[in-house]
Amino acid sequence: MADEEVKVEFTPNPPDLAGVPDLSNLIYLDMPNVLYNIKYRFEGKTGKREPYTSVSTILLAMNPYEFLPIYGPDYIEKFYEAAKQGNMIRGVPHPYGVSARAFMRMMLRDKPQSLLCCGISGAGKSEAAKQLIRYLAKTSPTAASGDVADMEAQIIAASPILEAWGNAKTNLNNNSSRFGKFTKLIYGKGDQKGVILGSWIETYLLEKSRVVKQGKNERNYHIFYFVNAGMNDEEREHLGLTSLDDFHYVNQGGCTTIAGWDDHDCYEELAESLTIFRIGADDQKILWGMKAGILHLGNCSFKPDDQDNAIVDPNCDIHLAMCAELFGVKKEAVEARLTTASITVMGKIITKNVAFNSGADNRDAIAKALFENTFLYMVDRINAELFHLGSNVKNMIFIGILDIFGFENFDDNSLEQFCINFTNEKIQGFFNYNIIASEQEEYLKESVMWSEIDVPNNTPFLEMIENGKIGMFSLLDSACKAPKPSVEAFVKEFFKKQAKNKQYLEKSKGPKKKKKKKKGKKSARFEGFLIHHFCDDVIYNAEMFIDKNMDAIHADTAKMFKKSKFPIIQNIGGGAGQSKKKKKKKFSSIVSTFDKALQNLMKNLESTEPFFCRAIKPNWKFSTTAWDEALVEEQLRSGGILEALRVLKLGYPTRVPYQTLWDKFHGKIDNPMINNLEMMGFAEAVLLAFNVTEQDYCLGLTKVFFKPAKAAILDDILKSADKPLSAEQQDRITKFVVRKRTKQMVGISKTAIFFGLQVRFHRAEQKWAKWGRVAGVVGHTIMRNLVMAKEAKKAKAATAITAFWRGKNSKKQFDKEFNARKQASQTIYSQIRDWNFRMTILQYLNENVESAKQRQHELATMTPEEREELEKKRLEERKKAAAERAQQMQAEAAAQSEAEAKRQADLEAKQKEHLENVEQVDSSEAARRARQAEENMKQRMIAENAARDAENAKLMAELHPEEEWEEYVDEEGVTHRRKVINFRHLAAHGALFQVYTKETDRHVHERFVKITFDKQNPQEISWGSGGRKISFDDIRYISKGCVTPATVKWQTNKPAEINEEMIFSIVGTSKVLDLGAHDEKEIETWVSGLRKLINQTDEEAELMSKKGKENLSSLPGGAPESEQYECTRKVNVYEKKSCTGKKGTLNRGTIVKGRKVTGMAVQISDPMEGFIEIKSLKVTDANTRVKTQSQIETQKSLFKMQVRTCIRQVNEERPYKAITGAVKDYFMDEPFVNECMDDGVEWRKWETWIKDKMNKYLEEKNITDEASAKAHESQLASYRNEQTAAAGGEEKKEDEDCCIM
């Protein structure tokens, strides 16, 4: 289908619009025209291949699958120069343009920005993200502080490390990112506005399963292949590496190389990057060994014993031994970890054997956990070098670049693919809202005329997954917590809870298989489901969902790696250096951790102004020419590009609040007529002053909305805020205000006339309401009478007609007789009924008359007294009857109350009896026995633990006879044994500490502190790149507690955030390093170890610490800044040497900042060690930054990395490899590096300088084809050998004064 062309009827755009850079300029925006325009540019019909097309601010990036000459320094310079003028290059869509616009918007609006690279796997998202970062890093203003010197270059140098541990070859992409990455470039404000102060990288969901399993034609992570290709034969033999085809973890895909890739060059680039981030050669060897150890671990297979438990196959003994040696642990420990596992039951640790069926899974879990921890360790080390916050976090802002994993749909999709695709769903929803839905909401809120369009909404889908009670993530975690986790139960529960979401969720029988199943064999039931994503329908196999969700590192694995002889492996595998505080364990799963990280990412994105880069894959063949129109169309349609194009074409993508224009221009325009205008009128006047027509914008309630492609107008206006208006602009404003006032006067007149007419109309309506009502009633009465008369006339006519008709009827006589008889019957019936009624009435009257007569007779014979007595008697009878009724009711109520009281009394008696029984059972003797039993149990547990520790210590002493052991007593008074730590070994690999500075308003960050040794002699202690180090020759003493200026300040200002018992300081002559340890053992180890290294006793250190605290001003950083002038190195008195001060002025004011003065006799008052009296002084320009030796070495490493990149690019640009072997070594040698340093080339121009040198070299040596390149390489190699032999193998000494300013 990819090669078939389907003809579709459509109206094409005019020919002059073919290949327009911005799709919003097209007249017809249907899909065929959009595809035609993108293909027209992609195939180079405009004159050159242009993979980029824009949709207003959205960049569409087609993957060209080849190197194009559009990413060089000249392109960066072109966009940078335009941005410095406040302009954007129109008609050239490019990632550099997106970065430039984001930087300008951040500077103008003072709001964080984000650049989102989205697309399916293999579309080129990572490369686009690297270009976005490259532009921002190379165009950032240079910082004045040495702490952030070369920060921009180091940010770029981090990419090889992340790609080596996080990228791999898949069927969709040769360099596919198997993790998500959000890179924050942190910029300063105020004096350092626009300067990159640091960077922070957040990663998401590394695909751990790839470490142990790959699909056909896929590779494991690049690091395994880089290490194998970069090692020589001797090093590979030391690591036990033969052919990669011999190792299970890397041979499953049947692919160990990538066409066009040189793993050896990538290895060298990786080694350079690691060196820049202070991971030295020794640590690198351990890391390479750890990767080789993982490969050997994968070759450890299992056999069942007589109880069906797993035991390591004896044939794999060599791999087991190599694995243990490379991990720095005993072979027995690795074998025990592979075949046993411990669990905690009722506070006791129980060790059980691993079943044979679970052996491989247990082995793979160890490998995956170690690899993931290594990846996270690398990310932490990069962040530790690049993340240096200043004193005030509020004075910082960032640009975030999101490089998220692409949408994936394989033959077998598991939990990793689901999380990846769900992330793309979230990003797509964010895109829909910011580009489409938010635009429409804004138009409605601002009362802008707009015809609403349908917006793709995936909120129900996100709720189906993220809902806290019935979402898939919550149900999966609940299934993992069950006593017997079941995938089948999880899938059933998922369908039960989400039955209403049939538009997204559907049952599936599994992916269609090409092979026919054999007769007589039933295929296993497929446990999974079909999800309708925005991009494609994906079938997920849930068989491994539960196992992968609980895939956490086992405690036994961490314990094993903690005992490694390599501190770096202790840090990575065992978590050494982390806080030792015991915390209550909470259930943690892959999806819960992923969901929290994803929510945090969306929170970050929602706080920014986003720019979108939609990467598009042109074909499935990795071809530079093939075009799969159906594939491209599906990506455009699912990505919401057409809807976004319609909104941006018809709407107003750029807007600015009235308040912004008011704040920037009000009071600065010297025109009294404009100052009294309201904000809307004021904004309209400013737009008119800059000749903006009404067709280019629309006025809302609080903002001005601009048409597409009019963003440059707004940029020009805001850029001109501080400049005076020209006379022509003033005239426009005056004419506008006069015209506006005239219109207002005319409007007032029209309004007065209008309301006058309205008043007259209203009065007329009132009169009409009064008299019209009367007329209406009269008219209605007349009409009603007329109608009644008409009806009466009709009735009369009908009667006459009926009478006439009956008179003529021949049956007239019969009718009369029938009517007479009928009338007679009715009359008789009526008379009988009346007679019966009269007789009933008569009988009733007779009875009552007799009774009335008798009573009347009795009353007539009675006297008035008898009558009164009779009446009283009747009243008394009535009262007596009423009293009897009341007494009866009272008796009933009393009886009921008495029964209730009796029931309550019985209940209280029973309760009292129950309490007495309970008190008798709970006697004091029983309580005493319980307490005694508890105490006995506690003592027994202590004794058992002590015995077990003693046994383990004895065993470890026998296993490690070369190690030293010591005894110690714990808080319970029990004696234990522990290994004596080799401090030199530990310090050489470093540890994490909290670093305190004088700025108490900043957060305390953990830094990686390590000591550099020359053989057995300590050289320096460092805690970062650049000048973050102290030479051991300069260390005066090691103190404990808060006794330095910085720690005293923290203790005074923020006592809750500093623990004095965990604080120790390295006090030097010019610097003080204040550190915070995590526990008592760690601080004791480092303090005692450091003091031994400088040959200082505890008494001497405490005495010097006491004196230092009493006189804080004598310590570095303790005196006022105006009195501190630190020399670049130790100098003797009267020596002429460069010296700089923080204020740029010496005490006596003899040297003014920014002036060059030589030979001045100046003496600094109250000198101390590190601040030296200088008679003859040479003061350099205050704007000149003096590089330290460490910074110079860092720059050289960065330069060599740039040389490697340029060599690779030059070789890619030419049809043959021109620079290889000895020629490559020529450009990597120190003389070439020093030549660049001597020329003073700025690092941003290194790439241009290097390529020019390389091209000149190739032209001079006449290297035009592969044969001439090889001939010159052999000639150069022989010449070098002769020179080396003649010089006796001596190497040229480095020029110490060479640096880049």
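Residues numbered from 1 in each chain as written. Predicted model: local features only at pLDDT ≥ 70, side-chain atom pairs only at ≥ 80, totals over all residues. Heavy atoms only, no water.

Visitor: Got a minute to help me understand the pairing of strand 1 (residues 52–55) in this structure?
Guide: Look at any regular strand and the pattern is simple: side chains alternate between the two faces of the sheet. Covered by surrounding structure in strand 1 are Y52 and S54 together with T53 and V55, the residues of both alternating faces. Bridging between strand 1 and strand 2 (residues 58–62) involves four bridges; their strand directions are antiparallel. Counterpart to S54 in the pairing with strand 2 is L59. Between strand 1 and strand 2, which pair antiparallel in sequence order, lie two residues; one of them, S56, sits at a positive phi of approximately 60 degrees. (Buried < 20%, exposed > 50% of the residue type's maximum accessible area, 1.4 Å probe, protein only. Helix = DSSP H or I, 4+ residues; strand = E, 2+ residues; numbered from the N terminus. Pairing = 2+ DSSP bridges.)

Visitor: In this structure, what is going on with the environment of H264? I would like to understand it.
Guide: Along the polypeptide, H264 turns up in helix 10 (residues 263–276). Considering only alpha carbons, one finds H264 and A229, 35 residues apart in sequence, at a separation of 5.0 Å. Apart from the residues within four sequence positions on either side, H264 is in contact with A229 and G230. (Contact = heavy atoms within 4.5 Å.)

Visitor: Explain the sheet that holds strand 18 (residues 697–699) to me, please; I cannot follow it from the model alone.
Guide: Strand order in the open sheet formed by three strands is 17-19-18, with antiparallel pairing between adjacent strands. Only two strands of the sheet have a single partner each, and these edge strands are strand 17 (654–657) and strand 18. Sheet twist, expressed as the mean angle between neighbouring strand axes with direction ignored, is 20 degrees. Bridge count for strand 17 against strand 19 (residues 703–706) is four bridges, and the pairing is antiparallel. Across the sheet, the residue bridging to T654 is F706, located in strand 19. Sitting on the sheet, helix 25 (residues 658–665) touches strand 17, strand 18 and strand 19, and the angle it makes with strand 17 is about 60 degrees. The strands touched by helix 26 (residues 679–689) within the sheet are strand 18 and strand 19, with strand 18 carrying the most contacts at an inclination of about 165 degrees. (Axes fitted to C-alpha atoms, helices over the stretch in contact; angles between N-to-C directions.)

Visitor: Help me understand the pattern of salt bridges in this model?
Guide: Counted by the stated rule, this structure contains 44 salt bridges. For the salt bridge of R525 with E527, the shortest nitrogen-to-oxygen distance reads 3.5 Å. Judged by its relative accessible area of 60%, R525 falls in the exposed class. In this structure, E1020 and K1029 form a salt bridge, with 3.6 Å as the shortest nitrogen-oxygen distance. For E1020, a relative accessible area of 24% gives the class partly exposed. One network of salt bridges, with partners in common, ties together R178, E207, R210, E218 and E408. (Salt bridge = Lys/Arg side-chain N within 4 Å of Asp/Glu carboxyl O.)

Visitor: I tried to follow the nonpolar core on my own but got confused; where do I start?
Guide: Here is a general trend for soluble globular proteins: nonpolar side chains tend to be buried in one another's company. Grouped together as the largest cluster of nonpolar side chains are 131 residues, with contacts concentrated most on W165, I223, W288 and F1199. A per-element tally of this core places helix 14 (residues 359–386) first, with 10 residues. Beyond its immediate chain neighbours, meaning those up to four positions away, I223 contacts A164, W165, L270, W288, K291 and F371. Grouped together as the second largest cluster of nonpolar side chains are 83 residues, Y204, F398, I641 and Y652 included. (Core = buried A, V, L, I, M, F, W, Y, C linked by side-chain atoms within 4.5 Å.)

Visitor: Whenever I open this one, the packing of aromatic side chains confuses me. Can you help?
Guide: We describe a pair of aromatic rings using the distance from one ring centre to the other and the angle between the two ring planes. By the definition in use, this model includes 44 aromatic pairs. Seen in terms of ring centroids, F179 and F375 are 4.9 Å apart; in terms of plane orientation they differ by 65 degrees. Their pairing is edge-to-face. Remark: F375 occurs in helix 14 and F179 occurs in the loop between strand 5 (176–177) and strand 6 (180–188); sequence separation between them is 196 residues. The exposure classification of F179 matches that of F375, with both residues buried. Seen in terms of ring centroids, F494 and F495 are 6.3 Å apart; in terms of plane orientation they differ by 50 degrees. Their pairing is tilted. One exposure class covers both F494 and F495, and it is buried. (Phe/Tyr/Trp six-rings, centres within 6.5 Å; stacked < 30°, edge-to-face > 60°.)

Visitor: Explanation requested: the sheet that holds strand 26 (residues 1035–1040) in the structure shown.
Guide: In a beta sheet, neighbouring strands pair by backbone hydrogen bonds and run either parallel or antiparallel. On the basis of which strands lie adjacent, the open sheet formed by seven strands has the order 25-24-23-22-28-27-26 and antiparallel pairing. Each edge of the sheet is formed by a strand with only one pairing partner; in this case those strands are strand 25 (1029–1031) and strand 26. For this sheet the average axis-to-axis angle between neighbouring strands, irrespective of direction, equals 35 degrees.

Visitor: I would appreciate a short explanation of the packing of helix 2 (residues 73–84) against helix 4 (residues 125–139) in the present structure.
Guide: When two helices pack together, their arrangement is given by the angle between the helix axes and the distance between those axes. Packing of helix 2 against helix 4 brings their axes to within 11 Å, and their N-to-C directions diverge by 60 degrees. Accordingly, the angle class assigned to the pair helix 2 and helix 4 is oblique. Of the two possible hands of crossing, helix 2 and helix 4 adopt the one that is right-handed. Together, I76, F79, Y80 and A83 of helix 2 and R134, Y135, K138 and T139 of helix 4 make up the contact between the two elements. For the contact of helix 2 with helix 4, the residue count by class is five nonpolar, one polar and two charged. (Parallel < 35°, antiparallel > 145°, perpendicular 65-115°, else oblique. Left-handed = near helix turned anticlockwise from the far one by under 90°. Nonpolar A, V, L, I, M, F, W, Y, C, P; charged D, E, K, R; others polar.)

Visitor: Explanation requested: a nonpolar patch on the surface in the structure shown.
Guide: Residues W771, V774, V778, I782, M783 and L786 make up a contiguous nonpolar surface patch of about 630 Å² in total accessible area. Here I782 lies in helix 28 (residues 727–807). (Patch = residues over 30% accessible without salt bridge, like charges linked within 9 Å, V, L, I, M, F, W, Y side chains within 5 Å. Areas by Shrake-Rupley, 256 points an atom, 1.4 Å probe, with all protein chains shown as cover.)

Visitor: Explain the side chain of H296 here, please?
Guide: Within the secondary structure, H296 sits in helix 11 (residues 281–298). Polar contacts involving the side chain of H296 include one to the main-chain carbonyl oxygen of G240, which spans 3.3 Å. When neighbours within four sequence positions are excluded, H296 is seen to be in contact with L239, G240, F247, H319, M322, C323 and L326. (Polar contact = N/O pair within 3.5 Å; in protein donor to acceptor, adjacent residues only side chain to side chain.)

Visitor: What's the story with the side chain of K125 in this structure? I'm lost.
Guide: Inspection of the secondary structure puts K125 in helix 4. With no salt bridge to any partner, buried K125 finds its closest opposite charge in D403, at an N-O distance of 5.6 Å. At a separation of 3.2 Å, a polar atom in the side chain of K125 contacts the main-chain carbonyl oxygen of I120. (Lys, Arg positive; Asp, Glu negative; His and termini not counted.)

Visitor: Is there a simple way to explain the environment of M151 in this structure?
Guide: Structurally, the position occupied by M151 is in helix 5 (residues 151–157). M151 sits 236 residues away from F387 along the chain, and the two C-alpha atoms are 9.6 Å apart.

Visitor: Is there a simple way to explain helix 16 (residues 459–466) in this structure?
Guide: Every buried residue of helix 16 is accounted for by F461, L462, M464 and I465. For helix 16, the angular spread of the buried residues around the axis is 155 degrees, confining them to a single face. (Arc of directions from axis to C-beta.)

Visitor: Honestly, unusual backbone geometry in this entry has me stumped. Any pointers?
Guide: One can expect most non-glycine residues to show negative phi and most peptide bonds to be in trans. A positive phi angle, close to 55 degrees, is found at D110, a residue other than glycine. Within the secondary structure layout, D110 lies in the loop between helix 3 (95–109) and strand 3 (113–118). A residue is classified by how much of its surface remains accessible, and D110, at 44% relative accessible area, is partly exposed. A positive phi angle, close to 55 degrees, is found at N1095, a residue other than glycine. Tracing the backbone shows N1095 in the loop between helix 34 (1080–1093) and helix 35 (1098–1110).

Visitor: Would you mind going over the packing of helix 17 (residues 472–481) against helix 18 (residues 487–497) with me for this structure?
Guide: Two numbers describe how helix 17 lies on helix 18: the axes approach to 10 Å, and their chain directions differ by 150 degrees. Between helix 17 and helix 18 the crossing geometry is right-handed. Across from M472, L475, L476 and A479 in helix 17, the residues of helix 18 making contact are F490, E493, F494 and K497. Looking at side-chain class alone, the contact of helix 17 with helix 18 contains six nonpolar, no polar and two charged residues.

These figures capture arrangement, not role.
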